[in-house]
Amino acid sequence: MQFDLTEDQRAIQEVARRFTADRITPFAAHWDEHHVFPRETIVEAAALGFGSIYVSEESGGIGLGRMEAALIMEAMAYGCASTSAFISIHNMASWMIDGFGSAALKAKYLPSLVPMDKIASYCLTEPGSGSDAAALKTRAVRDGDDYVVSGSKAFISGAGANEVYVTMVRTGEPGPRGISCLVIDKDMPGVSFGAPERKLGWHSQPTAQVNFDEVRVPAENLVGEEGEGFKIAMAGLDGGRLNIGACSLGGGQRALDEAVAYTRQRNQFGKAIVDFQATQFKLADMETELQAARTLLYAAAARVADGSPDKTKFAAMAKRLATDTGMSIADRALQLHGGYGYLMDYPVERIFRDLRVHQILEGTNEIMRVIIARELLRETN
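Residues numbered from 1 in each chain as written. Predicted model: local features only at pLDDT ≥ 70, side-chain atom pairs only at ≥ 80, totals over all residues. Heavy atoms only, no water.

Caption draft 1: Structural context of the overall build of the protein. Per the secondary structure count, the protein includes 11 helices and 10 strands. At 21 Å, the protein has a C-alpha radius of gyration in line with the 21 Å of a compact globule built from 381 residues. Classification of the 381 residues of the protein by burial places 55% in the buried group. A separation of at least 24 residues holds for 73% of the contacts in the protein among residues at least 6 apart in sequence. In the structure as shown, the protein presents an accessible area of about 16400 Å², 53% of it carried by carbon and sulfur atoms. Here the protein contributes 39 positively and 49 negatively charged side chains, and the mean placements of these two sets differ by 4 Å. (Helix = DSSP H or I, 4+ residues; strand = E, 2+ residues; numbered from the N terminus. Rg over C-alpha atoms; globule rule 2.2 N^0.38 Å. Buried < 20%, exposed > 50% of the residue type's maximum accessible area, 1.4 Å probe, protein only. Contact = heavy atoms within 4.5 Å. Areas by Shrake-Rupley, 256 points an atom, 1.4 Å probe, with all protein chains shown as cover. Lys, Arg positive; Asp, Glu negative; His and termini not counted. Charge placed at Lys NZ, Arg CZ, Asp CG, Glu CD.)

This is the structure we're talking about:
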């Protein structure tokens, strides 16, 4: 089954594709142009289980694996990569609570997160620590039954709109071992948000800075144990990298399909431009590269689901290849549209803008190369 999907996986993929065709694709251009956050549509996705894909059934989720999550994200990204990625982030944050939180913490948050009555953000990046995530400075000091949290998080998807913030904080020594994970509510005194960021893409979701000014957070909101935050963050990113890679596959597939359709109907020099061999060669390369990236991503999903020793390396390889490939396909699809591809009347320019950030978030593709090389050298030592 390594190179095929099971009947159940195909059924899940078909449900996600139908939902996308009905509830995402027809509206994505409007969301993008007018910066609409489609919360109602996102809640409809949650009703299908897409807000709790790998939250356990015991906690109310649908308890699927990383492959199924990738299929769902890819399908939804075909309609809108921005909205699919937003749902992916919520899934990652909810999974952290389910996978590492106490029974009390799960009971406190998951009943509202699973149906996305409340939506979760993931807060790791800071103004001064991006790729060097272990250098984060947001501090949480224990004071009786609370932690007092001060600091800021940057580039947070859902900031100001979402109700729950799964946040990496420093409770101890410098470096990764001093990092812990807390769940912080939007309405806790001292939580505030910066102005919405003005972005190249991802217009269907809000992004802003999150500020914590001596926020008192109950100690029961600690996810895992003190000092385990960095481990939890990295475990979450293995899955997050698969999902953002899958979003790039979905966007890349849409860009390729749009390019094929456009070149078939666009005539120059007396015939459809798809009939020129130069066009066919470009389309052939786009299809080959997309299929290769998809195969690697599915293989990586299987390794992450199985907990294989090389899961982190494969997740990094898949993320790097899928996001670079998706962006490259979007670029070539725009070129095949000529001047029309630069207009908002056609979806390829939106896909181009939305996919660009995938090479940066969930770890830049330069950091993916660092991880791949580190793991390779460790294996061959």
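Caption draft 2: The packing of helix H4 (residues 66-79) against helix H7 (residues 229-265), seen in detail. Across the interface, H4 lies against H7 with an axial gap of 7 Å and an inter-helix angle of 40°. You can see that H4 and H7 cross each other, and the crossing is right-handed. Taking contact as the criterion, the partners of Arg66, Ala69, Ala70, Met73, Glu74, Ala77, Tyr78 and Gly79 in H4 are, on H7, Gly239, Leu242, Asn243, Ala246, Cys247, Leu249, Gly250, Gly251, Gln253, Arg254 and Asp257. Class assignment for the residues of the contact of H4 with H7 results in nine nonpolar, six polar and four charged. (Axes fitted to C-alpha atoms, helices over the stretch in contact; angles between N-to-C directions. Left-handed = near helix turned anticlockwise from the far one by under 90°. Nonpolar A, V, L, I, M, F, W, Y, C, P; charged D, E, K, R; others polar.)

Caption draft 3: Examining helix H8 (residues 277-306) more closely. A rise of 1.5 Å per residue sets the reference length of H8, with its 30 residues, at 44 Å; its end C-alpha atoms lie 44 Å apart and thus fit the reference within 8%. In this structure, the buried side of H8 is in contact with helix H1 (7-24), H4, H7 and helix H9 (311-336). The positive-phi residue at the C-terminal boundary of H8 is Gly307, with phi of around 70°. (Expected span 1.5 Å × (residues − 1).)

Caption draft 4: Broad picture of the layout of surface pockets. Its volume calculated, the largest pocket comes out at about 1200 Å³. Lining the largest pocket are 44 residues, with Thr125, Ile360, Leu361, Glu362 and Gly363 positioned closest to its centre. Counting only elements with at least two residues in the lining of the largest pocket, the list comes to helix H5 (81-100), strand E1 (120-123), strand E3 (146-157), H7, H9, helix H10 (348-356) and helix H11 (365-379). Ranked by residue count, the leading element in the lining of the largest pocket is H7, at eight residues. Here the lining of the largest pocket is composed, by residue class, of 22 nonpolar, nine polar and 13 charged. (1 Å grid on protein atoms, 1.4 Å probe; cavity = no way out; pocket = protein on both sides within 12 Å on 5 of 7 lines; lining within 4 Å. Points joined across faces, edges and corners; volume = space filled by probe spheres on them.)

Caption draft 5: Local environment of H10. Among the nine residues in H10, seven count as buried, and that is most of the element. Among the residues making up H10, those that are buried are Val348, Glu349, Arg350, Ile351, Arg353, Asp354 and Leu355. On its buried side, H10 packs onto helix H2 (28-34), H4, H5, H7 and H9.

Caption draft 6: Representation of the environment of Val215 within the structure. With respect to the element layout, Val215 can be found in strand E7 (residues 207-218). Given a relative accessible area of 0%, Val215 falls into the buried group. Once the C-alpha coordinates of Val215 and Ile184 are considered, the two residues, 31 residues apart in sequence, prove to be 8.7 Å apart. With near-sequence residues (within four places) excluded, Val215 lies in contact with Tyr147, Val148, Val149, Ile184, Met188, Pro189, Gly190 and Val191.

Caption draft 7: Molecular detail of unusual backbone geometry. Positive phi, normally seen in glycine, also occurs at Met116, with a value near 60°. Relative accessible area serves as the criterion here: at 1%, Met116 is assigned to the buried category. Residues other than glycine seldom take positive phi values, yet Phe269 does so here, at roughly 55°. Phe269 sits in the exposed class, given a relative accessible area of 78%.

Caption draft 8: Structural context of the packing of aromatic side chains. Scanning the entire structure with this criterion turns up 10 aromatic pairs. On the basis of an interplanar angle of 90° and a centroid distance of 5.6 Å, the ring pair of Trp95 and Phe100 is categorised as edge-to-face. On the basis of an interplanar angle of 55° and a centroid distance of 6.5 Å, the ring pair of Tyr262 and Tyr340 is categorised as tilted. Here Tyr262, found in helix H7, pairs with Tyr340, found in the loop between H9 and H10; they are 78 residues apart in sequence, far enough to count as distant. On the accessibility criterion, Tyr262 (5% relative accessible area) is buried. On the basis of relative accessible area, Tyr340 is assigned to the partly exposed category, the value being 38%. Counting every residue linked through ring pairs, the aromatic cluster contains Tyr54, Trp95 and Phe100. Above the plane of the ring of Trp95 lies Arg66, whose end atom (NZ or CZ) is 4.8 Å from the centre. In this arrangement the basic side chain of Lys271 is found over the ring face of Phe276, its NZ or CZ atom lying 4.6 Å from the centre. (Phe/Tyr/Trp six-rings, centres within 6.5 Å; stacked < 30°, edge-to-face > 60°. Lys NZ or Arg CZ within 6 Å of the ring centre and 35° of its normal.)

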